[in-house]
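So you can see what is in the structure, the chains are spelled out below.
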Amino acid sequence: MPDLLLELFSEEIPARMQRRAAEDLKKLVTDALVERGFLYEGAKAFATPRRLALHIAGLPVKGQDVREERKGPRVGSPDAAIQGFLKGAGLASIEQAKIESDPKKGEFYVAIIEKPGRSTPDVLAEILPGIIKTFPWPKSMRWGAASREPGSLRWVRPLHSIVCTFGPETEDPEVVRFDVDGIGSGDVTKGHRFLAPDEIRVKRFDDYAPALERAKVVIDTDRRKDMILHDAKDLAFAQGLELVEDEALLEEVAGLVEWPVVLMGSFDEAFLDIPPEVIRTTIRANQKCFVLRDPNTGKLANKFLLTSNLIASDGGKTIVGGNERVVRARLSDANFFWKTDQQVKLEDRLEKLKAIVFHEKLGTQYERVERIAALSKVLAIGVGADPALAERGARLAKADLVTEMVGEFPELQGLMGRYYAMLQGEHTSVAAAIEEHYKPLGPSDRVPTDPVSVVVALADKIDTLVGFWAIDEKPTGSKDPYALRRAALGVIRLVLENSIRIELSALIRMATENAAKQIRSRPNALVLLGQDPDPTNADPHEIDEFLDVDMRVVIADQRSLRLEQGELRADLNPKDYTTLHVGPKSRADLLSFFADRLKVYLRDQGARHDLIDAVFALEGQDDLLMIVRRVEALGRFLDTEDGKNLLAGYRRAANILRIEEKKDGRAYNEQPDLQIVNDQGQIEEKALAVVLDGAKREAAAAVEAEDFEGAMRALSRLRQPVDAFFDKVTVNAEDPALRANRLRLLNSIREATRTVADFSRIEG
Amino acid sequence: MTSEPAHMNPARSFQGLILTLQRYWAEQGCVILQPYDMEVGAGTFHPATTLRALGPKSWRAAYVQPSRRPKDGRYGENPNRLQHYYQFQVILKPNPPNLQELYLGSLKAIGIDTSLHDIRFVEDDWESPTLGAWGLGWECWCDGMEVSQFTYFQQVAGFECSPVAGELTYGLERLAMYLQGVESIYDLNFNGLEGVEKVTYGDVFLQAEQEYSRHNFEHADTEMLFRHFRDAEAACRKYLEAGEPKPGTNDQRHLMALPAYDQCIKASHMFNLLDARGVISVTERQSYILRVRELAKACGAAWLKTEGGGVAA
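Quantities reported herein were computed from a predicted structural model and do not represent experimental measurements. (Residues numbered from 1 in each chain as written. Chains lettered and ligands numbered in written order. Predicted model: local features only at pLDDT ≥ 70, side-chain atom pairs only at ≥ 80, totals over all residues. Heavy atoms only, no water.)

## Quick look at the overall build of chain A
Across its full length, chain A carries 26 helices and 23 strands. A globule of 764 residues ought to have a C-alpha radius of gyration of about 27 Å, yet chain A, at 38 Å, is considerably larger. Over its C-alpha atoms, taken along the principal directions, chain A stretches across nearly 100 × 100 × 70 Å. Looking at chain A as a whole, 53% of its 764 residues qualify as buried. At a minimum sequence separation of 6, the contacts of chain A that also span at least 24 residues come to 68%. (Helix = DSSP H or I, 4+ residues; strand = E, 2+ residues; numbered from the N terminus. Rg over C-alpha atoms; globule rule 2.2 N^0.38 Å. Buried < 20%, exposed > 50% of the residue type's maximum accessible area, 1.4 Å probe, protein only. Contact = heavy atoms within 4.5 Å.)

## Re the sheet that holds strand β13 (residues 242-243) of chain A
By way of backbone hydrogen bonds, the strands of a sheet pair with one another, either parallel or antiparallel. Residue and element names in this part refer to chain A. Strand order in the open sheet formed by four strands is β13-β15-β16-β14, and the pairing between neighbours is antiparallel. With one partner strand each, in any of the chains shown, β13 and β14 (261-266) form the two edges of the open sheet. Examined bridge by bridge, β13 and strand β15 (residues 290-293) share two bridges and lie antiparallel to one another. Within the sheet, the bridge partner assigned to Leu243 lies in β15 and is Leu292. (Pairing = 2+ DSSP bridges.)

## So, helix α7 (residues 276-287) of chain A
With twelve residues, α7 of chain A should cover 16 Å at 1.5 Å per step; its first-to-last C-alpha distance of 16 Å lies within 8% of that length. Those residues of α7 of chain A that sit buried are Val278, Ile279, Thr281, Thr282, Ile283, Asn286 and Gln287 of chain A. Looking at the buried residues of α7 of chain A, the elements they touch are β15, β16 (300-308), α8 (317-341), α11 (404-408) and α12 (415-423) of chain A together with β6 (133-142) of chain B. At the exit of α7 of chain A stands Lys288 of chain A, carrying a positive phi of roughly 55°. (Expected span 1.5 Å × (residues − 1).)

## Re a nonpolar patch on the surface
Together, Val34, Leu39 and Tyr40 of chain A make up an exposed nonpolar region whose accessible area comes to about 270 Å². In this fold, Leu39 of chain A is placed in the loop between α1 (15-35) and β2 (42-48). (Patch = residues over 30% accessible without salt bridge, like charges linked within 9 Å, V, L, I, M, F, W, Y side chains within 5 Å. Areas by Shrake-Rupley, 256 points an atom, 1.4 Å probe, with all protein chains shown as cover. Salt bridge = Lys/Arg side-chain N within 4 Å of Asp/Glu carboxyl O.)

## Brief notes about the domain arrangement of chain B
All names here are of chain B. Taken as a whole, chain B is organised into domain 1 (6-215) and domain 2 (220-303). Using only C-alpha atoms to locate each centre, domain 1 and domain 2 end up separated by 26 Å. Taken together, the contact between domain 1 and domain 2 spans 21 residues of the former and 23 residues of the latter. Buried surface at the junction of domain 1 and domain 2, summed over both partners, amounts to about 2000 Å²; 72% is from carbon and sulfur atoms. At the junction of domain 1 and domain 2, the tally comes to one salt bridge. The salt bridge involving Lys71 is made with Asp275; its shortest N-O contact spans 3.4 Å. (Domains from an automatic or database assignment. Buried area = accessible area lost by both parts, 1.4 Å probe.)

## So, the domain arrangement of chain A
Residues and elements named next belong to chain A. Examined at the domain level, chain A breaks down into domain 1 (3-61 + 119-214), domain 2 (66-115), domain 3 (221-341), domain 4 (346-584) and domain 5 (638-761). Facing the 13 residues of domain 3 at the interface are 13 residues of domain 4. Summing both sides of the interface, domain 3 and domain 4 together bury roughly 1200 Å²; the carbon and sulfur share of this comes to 69%. Counting the surface domain 3 buries against domain 4, the share from its top three residues, Phe337, Trp338 and Asp341, is 50%. There are one salt bridge connecting domain 3 and domain 4. Applying the counting criterion to the domain 3 and domain 4 interface returns five residue pairs in polar contact (both at pLDDT 80 or more). Among the secondary structure elements, those contributing two or more residues to the side of domain 3 that touches domain 4 are α7 and α8. Ranked by the residues each element gives to the side of domain 3 that touches domain 4, the list is headed by α7, at seven residues. (Polar contact = N/O pair within 3.5 Å; in protein donor to acceptor, adjacent residues only side chain to side chain.)

## Quick notes on the interface of chain A and chain B
Between chain A and chain B, the contact holds 44 residues from the first and 43 residues from the second. There are seven salt bridges connecting chain A and chain B. Here Asp125 of chain B and Lys139 of chain A are joined by a salt bridge, their closest N and O atoms 2.7 Å apart. Counting the contacts that link chain A with chain B gives 27 residue pairs in polar contact (both at pLDDT 80 or more). Counting only elements with at least two residues in the side of chain A that touches chain B, the list comes to α1, α7, β16 and α8 of chain A. Take the side of chain A that touches chain B: its biggest share by element is eight residues, from α8 of chain A. Among the residues making up the side of chain A that touches chain B, the classes are represented as 18 nonpolar, 13 polar and 13 charged. (Nonpolar A, V, L, I, M, F, W, Y, C, P; charged D, E, K, R; others polar.)

## A word on the pairing of strand β7 (residues 159-167) of chain A
Residues and elements named next belong to chain A. Across the nine residues of β7, eight count as buried, placing the element largely inside the fold. As paired elements, strand β1 (residues 3-10) and β7 share eight bridges and run antiparallel to each other. Counterpart to Leu4 in the pairing with β7 is Phe166. With two bridges connecting them, β7 and strand β10 (residues 183-186) associate as parallel partners. In the sheet register, Ile162 faces β10, and the bridge partner there is Ser185. Judged from the two bridges that link them, β7 and strand β8 (residues 174-175) form a sheet pairing that is antiparallel. Looking at the pairing, Thr165 lines up with Val175 of β8. Connecting β7 to the antiparallel partner β8 that follows it, the hairpin turn spans six residues.

## Some remarks on the sheet that holds strand β6 (residues 106-115) of chain A
Residues and elements named next belong to chain A. Strand order in the open sheet formed by three strands is β4-β6-β5, with antiparallel pairing between adjacent strands. Each of the sheet's edge strands pairs with one partner strand only, and the pair in question is β4 (66-74) and β5 (98-102). Each strand axis lies, on average, 35° off the axis of its neighbour in the sheet, ignoring direction. Note: β4 against β6, seven bridges, orientation antiparallel. Counted as the bridge partner of Arg70 is Ala111 from β6. (Axes fitted to C-alpha atoms, helices over the stretch in contact; angles between N-to-C directions.)

## A closer look at the pattern of salt bridges
Using the criterion set out here, one finds 78 salt bridges over all chains in the structure. The salt bridge involving Arg193 of chain A is made with Glu12 of chain A; its shortest N-O contact spans 2.9 Å. Placement of Arg193 of chain A in the loop between β11 (188-190) and β12 (199-201) and of Glu12 of chain A in the loop between β1 and α1 is noted, with a sequence separation of 181 residues between them. As far as burial versus exposure is concerned, Arg193 of chain A and Glu12 of chain A are alike and both buried. Between Glu101 of chain B and Arg193 of chain A there is a salt bridge; the shortest N-O distance is 3.2 Å. With Glu101 of chain B in helix α3 (residues 99-109) and Arg193 of chain A in the loop between β11 and β12, this pair bridges two chains.

What follows is the structure, given as structure tokens:
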């Protein structure tokens with residue numbers, strides 16, 4: 001079966017877009033074909049800096065013929081009806097129609113309409129221009145004389161030519177002719193920009209790929225990656241070194257060359273005094289080169305590997321020389337930053353944080369550091385860290401943001417702070433906290449374990465969350481520009497993986513209070529309580545009052561403020577003030593955000609979502625560690641025979657109650673009357689009443705002592721009496737008082753289970 | 001080329017490099033302009049680029065533009081940074097289909113042999129918040145070093161470019177350092193001569209770098225600069241208004257787009273100086289940039305109502 005070859009030849013496509021673009025091209029073309037009934041055997045797309053290519057194998061020569069029968073009027077119908085039928089069916093005369101008969105309708109005309117399948121090249125010529133014109137590049141542009149006209153073709157960079165051929169292996173394929181904004185398709189492409197710039201005529205994929213290979217173009221990104229990796233390892237090995245592998249860099253570099261040639265350069269050994277991460281980042285970010293290490297010591301070597309796009313006539317000597325010059329200049333810069341940064345102590349940099357705005361409504365990094373430090377000091381006690389170290393760690397945590405090095409390489413934030421802290425003789429925990437307080441950065445990132453790091457990491461994240469909740473910038477749908485979900489997950493992992501006991505609601509309140517106090521103390525801020533419209537009421541309130549309602553803040557350099565009789569006054573216009581949602585509603589909302597994130601986290605860990613719901617349905621669940629322990633204990637309990645039967649018993653009780661309470665229009669939530677049980681009850685209900693009371697108290701005490709296994713054990717004692725009760729006792733007794741009391745007994749079963757979880761949420 | 005004296009060789013002489021580029025682009029049909037006679041931050045600010053990039057008329061120009069970045073001053077102590085440097089700017093509107101080949105031809109003209117050197121086009125999208133302009137293109141690398149910026153202008157002064165212009169910017173000092181094989185800007189051979197006749201870049205500019213760094217960071221009169229910023233802003237608006245076509249007349253051309261744009265350039269430079277002096281806070285910074293952009297947009301709108309902007313006389 002015939003193959004399609006499509007190549008879109010352009011100026012250099014950004015490396016980061018190539019792979020996605022190839023996949024998009026494949027999907028768009030194959031989808032359009034399948035939609036029109038054209039099936040294929042296989043498809044593969046390719047990308048290089050200068051081209052996207054697509055090969056679809058095993059396409060039919062043409063689409064399927066379609067045969068359609070159309071019923072017409074009865075034989076002998078008026079001429080107008082006959083003529084209408086002929087026109088609609090595309091027949092010249094009525095003789096071309098068949099006559100069929102039907103016992104009900106009698107004889108009538110039938111037209112057979114045969115539509116031959118369209119030739120595949122025709123269909124391709126129809127669909128491809130549309131796909132090219134609306135191609136989903138992340139960023140696209142117009143160019144050249146054509147851009148005088150509105151609506152001219154957009155592509156990622158100027159598109160120069162299109163190859164599109166279709167045909168079977170045995171014959172010469174035909175060019176699928178179409179035109180996109182003046183660019184006509186053909187069968188001519190070009191090789192490597194410098195090594196084989198001449199035009200190449202191609203027939204089909206089978207000769208296209210080798211022809212390009214001869215013209216020093218490897219169309220398959222993964223093959224280019226393999227070539228680079230292989231050569232890089234070989235070159236490293238020959239020098240007794242080891243490549244520091246870097247998949248993201250490899251992918252990028254493979255997108256910058258059509259013909260990779262790996263070369264080795266070196267730099268002055270004296271530069272190895274610079275921290276290895278800095279060397280690697282400098283060489284990687286600016287030069288897109290790999291670094292090497294000594295396999296024996298694990299230390300960086302003074303060598304790097306560059307991937308050029310050229311088989312140079314001097315064997316690459318000039319290229320290596322040029323790259324070495326640039327690497328030398330970059331490392332000199334880095335060395336300069338490294339040395340100058342050490343001349344200013346981290347604590348002396350804090351003033352400069354005043355100039356860095358964290359968020360327009362949330363103030364500067366300096367203010368943020370103040371809050372994180374205050375929070376860390378308190379948190380330290382709960383976490384078991386030294387409060388003084390925690391506070392110190394928090395104070396210095398952001399200081400490296402104003403170092404030269406981090407200014408140049410923002411991705412080194414934290415790490416540089418740690419280096420500079422060690423150099424100025426800080427406690428190792430303080431230094432570690434500076435680096436680790438950003439962690440964990442994602443679900444797979446390492447969680448710090450040093451208590452000082454844990455405290456500062458928690459404080460940093462809680463402050464972020466509280467701040468963005470206060471200004472109502474919460475994540476919505478897929479939008480989470482401030483990575484707040486990641487921050488919440490970070491808190492959850494920090495707490496659970498370090499087994500830390502924290503009452504989240506108290507922590508949130510404390511962080512909110514810090515922020516509110518700080519904003520109120522700004523010299524240019526006017527604070528109004530709740531919805532109070534009168535600016536003369538500004539400020540005298542206690543912070544507690546703000547936390548009971550929301551607060552509104554007017555910042556004095558806003559236009560709405562004026563000085564009147566020596567006092568600041570505001571003409572309040574909702575546009576001019578910022579409402580800070582610090583009240584109970586917003587805080588509860590943040591707490592439930594944590595609950596949602598915890599559910600997602602536990603589900604990812606394989607916990608049953610219904611068990612999580614069953615625990616969350618209880619009031620006042622804000623100790624993450626206890627929630628998780630309870631969910632785990634509940635899961636284990638429900639795996640036992642006792643657990644399963646108790647759940648069955650609970651359900652039976654709840655069902656009966658639901659039906660009877662509905663029937664009676666009332667709830668039976670009073671305590672059962674033990675006198676009635678004693679006087680009139682059967683032996684099984686007496687037994688149940690006795691055990692219920694004990695089990696419930698025991699379970700509650702165990703929960704209180706955070707012994708969830710014990711609580712479950714206490715509940716498991718209910719199993720037998722509950723089973724016996726349902727076996728022998730008829731709930732709906734004739735005597736209304738007896739019946740009501742039995743319903744109350746059932747309610748007691750429901751209540752007893754609630755000491756550990758809301759069993760109604762449990763599924764299965 | 002071979003007949004040229006050795007001291008004109010672009011690999012040995014800074015001015016030889018400039019002259020070679022000028023000759024090359026003149027051969028491609030560019031008008032060779034002289035630097036704009038005002039302080040600007042980059043060659044793009046020259047009205048021959050900013051304004052000429054707008055409107056339907058074809059345009060090809062090349063010129064050297066002394067560029068001032070007050071914040072980049074290092075008192076002459078950093079071998080790679082200057083507060084005053086030269087850009088070589090080329091603008092071709094609409095961009096010809098072979099602009100990349102023309103660019104590579106210019107590298108060849110200055111002695112960069114593409115069979116020896118690794119030339120790469122690495123993604124770099126350009127944006128100028130103060131000019132309300134953006135484009136897509138590349139940094140052009142030669143053996144791992146960025147030697148030029150290559151941009152297809154998509155928008156300037158907030159207006160879509162129709163047609164699109166291609167802009168090339170060569171960082172002359174850096175390019176010359178590479179060609180001459182020197183490690184410090186100040187060691188560049190300016191005139192290509194040797195011995196007592198040799199003039200270096202340091203001979204010409206080191207003192208200026210030292211003096212202007214003092215000026216930019218320590219002594220520039222901020223009160224005056226703030227005042228000049230406001231004055232330039234007001235003057236720009238005033239000239240724009242005065243140049244507006246009179247209602248009821250047939251001639252609907254704007255009459256003073258260029259003088260107004262000069263004031264926009266001036267405001268931009270005042271802002272750069274104030275920024276270097278560290279007297280503009282982070283929040284104010286954004287609003288100053290916005291104010292300059294508003295001027296640039298208004299000037300662009302006025303330009304589009306002039307003959308240069310495509311309106312028939």
